[in-house]
Amino acid sequence: MPQHPPTSRDVARLAGVSQATVSYALTGRGTIAAATRERVLQVAESIGYRPNLAARSMRTRRSGRLAVVTGATLDHQVRLLTGAGEVAEAAGYVMETHTVDGTVEQRTARVRDLAASGQYEGVLTLVPVLPEALSSPPGSANPEDGTSPVVAEATFDEQMRSLGNLADASTVEVLVGTLVAAGYRRFVHVAGPDHYASARARRDVYLASVARAAADPATPGVVSLGVLGGSWSGDDARRAVAELPADAPPLAVIAANDYLAAGVVRGAAERGWSVPGDLVVTGWDDFEMGALMMPSLTTVAVDFPEAGRTAMRRLVAAVRGEPRPAAGAPIHRIVWRESTGGDPTAPAST
């Protein structure tokens, strides 16, 4: 006999709750414990239950839909939206993406239109909008004017350049500190363009980290040979290496992204310098080509899906009138490879 699709009765039975509790967990209505809601959502996902959104909308005047507003779709943004969609689906919502170009005023007007349309229970914007687009009070569900809550995440600027947590550069401090502990004393930073928040942050953290190490009596002799470059061009990074003094090695090069790091490796080879050896090199972004380079590139991987999950959790909480959830898992992780001789913190093999 054919199996029937799972129903809310099945979810209630397996989760040990009433059907009303299942409804509250999936729609955000009513007041139930967070642990209960999480158990219901996990059961629903495990048996493949999908609520009938059309029927639910007719009964509750809720659409079961969430809107995400973004700009031009790039690869990293697709990964972020994938994470956001996972959280929306697990919470019983359908996520729809709206690409909105134009001025900040035009984007603000579009976000306000979406929030007032009655088609969405909440709106998440990943691009900047004016404060007037946000919920009043911020993050509240069902504001008096009948619009849906709007949550703004500082994720991308008008040109889809990383902001906020995506542009956090604190991992540079870990890179510098680890290399100092491994015995490196001479450092160079190959920077990205200054009009990128991420490039500015990586440069600033680099300078601060080297300055702290230089001032520490436990690590005498630490010095920065400067900040070079200022573009995302690997060829510019190659030329920057060509201009280093002949006595620069041994040298640790902190590059602002993987393309710059690849240019550094090329420039080192042209000068007869070995990597690792005369130079150790780190990048950022964990592009696929870094793992295929000779030597393979130590870099910083950015978990864009987790950034999307965190943003969507905040929207779901706002729709349900729940407290803003805490930050999710860290989204930056160092991937140690051959360009630094592997992980300097790893025990030496015998």
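Heads up: the structure comes first, above all this text.
This is a predicted model, so every value here is computed, not measured.

Procedures and definitions
- Residues numbered from 1 in each chain as written.
- Predicted model: local features only at pLDDT ≥ 70, side-chain atom pairs only at ≥ 80, totals over all residues.
- Heavy atoms only, no water.
- Helix = DSSP H or I, 4+ residues; strand = E, 2+ residues; numbered from the N terminus.
- Buried < 20%, exposed > 50% of the residue type's maximum accessible area, 1.4 Å probe, protein only.
- Polar contact = N/O pair within 3.5 Å; in protein donor to acceptor, adjacent residues only side chain to side chain.
- Expected span 1.5 Å × (residues − 1).
- Arc of directions from axis to C-beta.
- Contact = heavy atoms within 4.5 Å.
- Pairing = 2+ DSSP bridges.
- Axes fitted to C-alpha atoms, helices over the stretch in contact; angles between N-to-C directions.

## Describing the side chain of Ser 231
Right, on to step 1. Within the element layout of this structure, Ser 231 appears in the loop between strand E6 (223-229) and helix H9 (234-242).
Right, on to step 2. When its relative accessible area of 18% is taken as the criterion, Ser 231 is described as buried.
Right, on to step 3. Polar side-chain contacts of Ser 231 include one of 3.1 Å to the backbone nitrogen of Ser 233.
Right, on to step 4. One polar contact links Ser 231 to Asp 236, side chain to side chain, over a distance of 2.6 Å.

## Quick word on helix H6 (residues 104-116)
Right, on to step 1. Here H6 contains 13 residues, and its C-alpha end-to-end distance of 18 Å stays within 8% of the 18 Å for a straight helix at 1.5 Å per residue.
Right, on to step 2. Of the positions making up H6, those classed as buried are Val 104, Arg 107, Thr 108, Val 111, Leu 114 and Ala 115. Taken around the axis of H6, the buried residues stretch over an arc of 125 degrees, which confines them to a single face.
Right, on to step 3. Packing partners of the buried residues in H6 comprise strand E1 (65-70), strand E2 (94-99), strand E3 (122-125) and strand E4 (150-152).
Right, on to step 4. Of the residues one or two after H6, Gly 118 is the one with positive phi, at around 80 degrees.

## Quick word on the sheet that holds E1
Right, on to step 1. An order of E2-E1-E3-E4 is seen for the four strands of this open sheet, with the pairing classed as parallel. For this open sheet the edge positions go to E2 and E4, each flanked by a neighbour on one side alone. For this sheet the average axis-to-axis angle between neighbouring strands, irrespective of direction, equals 20 degrees.
Right, on to step 2. The sheet contact formed by E3 and E4 spans three bridges and is parallel. Opposite Thr 125, over in E4, you have Ala 152 as the bridge partner.
Right, on to step 3. Helix H5 (residues 75-90) rests against E1 and E2 of the sheet, and its axis sits at about 150 degrees to E2.

Interpretation note: all reported values are geometric properties and have no functional meaning in isolation.
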